[in-house]
Amino acid sequence: MEKKSLLFSLAIIVTFSLASCSSQGDALPNKKGTSPAQFSQVRYHGGPLLAKPSPINVYLIWYGAFTRKERSTITDFFVSFNSSNSSTTDSKRGQPTVSKWWKTIQSYKDKSGHPISGSVRLVKIIGDKYSLGKNIKRIQIAQLVEKKIESNTLPVDYNAVYFVLTAKDVAVERFCISSCGFHDNTNILTKGKVVFAHVGDSSSQCRGFCAWPYAPNYGPLEKPLVAPNSVGTDGMVVNIATVLAGAVTNPFRNGYYQGYDHAPLEAVSACAGKFGNGAYPGFPGKLLVDRATNASYNAYGANGRKFLLPAMWDPVRLSCNVV
Ligand SMILES: *[C@@H]1O[C@H](CO)[C@@H](O)[C@H](O)[C@H]1NC(C)=O
Ligand SMILES: *[C@@H]1O[C@H](CO)[C@@H](O)[C@H](O)[C@H]1NC(C)=O
């Protein structure tokens, strides 16, 4: 009991100290088991959302070297948003899936009452062989996306999120220090703003920080969970889910968030650390366990994949929904 309350206080301190040095839409480390949303709410600030009736388009840029397995895991994650592809075989019908997890997003509506689309579509994937080196600033992430669009490698798309996913040997400003990923927007060809995001593979830089609960974060006594795919990619999936939800609900810093606009807690980051029911600091909540591998997860995806997805703030029920 005493240990639990100590962890609780630590988590609160970490929450506030990290929040004060982060910026737009960061995926903070998953150390917080207690949602600040319990103390105040994620509110709508009246600005535009990615709320076109068409699916939200996703473009992926693999920055640096990823293995085939890493790429197929994350590609399958995006493909899983289409419920026709999620593995709901008869024996699994009624089970949690990635597409079901995303359903909560449709409760987020813009000023005109338009909900965010319940469909996400992976449109194009490209690679980049370290064109900016292995130590990059956040502004360079924006410039990379601009360059890929202006050279027609990727189309310009205002109903999309452009993801830059960096390999484990790439250091990105603030990544692994105060952030596990972020989203922002940038002007393209002076015509309009596109939304982009960054998530890095933390496996060799800060796995306990960005890939918890698959790596220990609460000290030497903590036993990490077994990852269904791999520690690095399953950590990336959690952070991709976090920044994707933040990007569509708060694309221009005036959508849905809690707290200050320079350090917002958003749709998923407001529920950080919670993955299943009964979560508390150091415990992600009750999850499913694969009997053959002992891997912990909470959602099924395309091609028989198992994933771990973070809880999402439900603006109607005013609570954090688990899958
Ligand atoms: C979902 O997948 C089905 C079957 O592959 C396809 O017909 C449909 O167009 C997809 N929907 C979206 C939004 O991509
Ligand atoms: C799963 O966990 C059980 C109990 O801790 C252990 O006996 C078994 O060897 C584990 N299986 C695998 C595949 O790691």
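Structure report, in brief.

Rules used throughout
- Residues numbered from 1 in each chain as written.
- Chains lettered and ligands numbered in written order.
- Predicted model: local features only at pLDDT ≥ 70, side-chain atom pairs only at ≥ 80, totals over all residues.
- Heavy atoms only, no water.
- Helix = DSSP H or I, 4+ residues; strand = E, 2+ residues; numbered from the N terminus.
- Polar contact = N/O pair within 3.5 Å; in protein donor to acceptor, adjacent residues only side chain to side chain.
- Contact = heavy atoms within 4.5 Å.
- Pairing = 2+ DSSP bridges.
- Axes fitted to C-alpha atoms, helices over the stretch in contact; angles between N-to-C directions.

1. As for the side chain of Ser203
No. 1: With respect to the secondary-structure elements, Ser203 resides in the loop between strand S8 (192–200) and helix H5 (207–210).
No. 2: Within the structure, the side chain of Ser203 is placed 2.8 Å from the side chain of Asp201, a separation counted as a polar contact.
No. 3: Non-local contacts of Ser203, meaning those with residues more than four positions away in its chain, are made with Lys168 and Gly232.

2. Structural notes on the sheet that holds strand S7 (residues 181–188)
No. 1: Spatial strand order, S3-S2-S5-S8-S7: five strands in an open sheet with mixed pairing. Edge positions in the sheet fall to strand S3 (120–128) and S7, since each of these pairs with one other strand and no more. Neighbour-to-neighbour, the strand axes of the sheet open up by a mean angle of 25°, direction not taken into account.
No. 2: The sheet contact formed by S7 and S8 spans eight bridges and is antiparallel. Across the sheet, the residue bridging to Asn187 is Lys193, located in S8.
No. 3: Contacts between helix H4 (residues 138–150) and the sheet are confined to strand S2 (56–63), S3, strand S5 (160–166), S7 and S8, with S7 contributing the most and set at about 50° to the helix.
No. 4: Those strands touched by helix H6 (residues 231–249) are S2, S5, S7 and S8, and its axis lies near 150° from that of S5.

The analysis is restricted to geometry; functional conclusions fall outside its scope.
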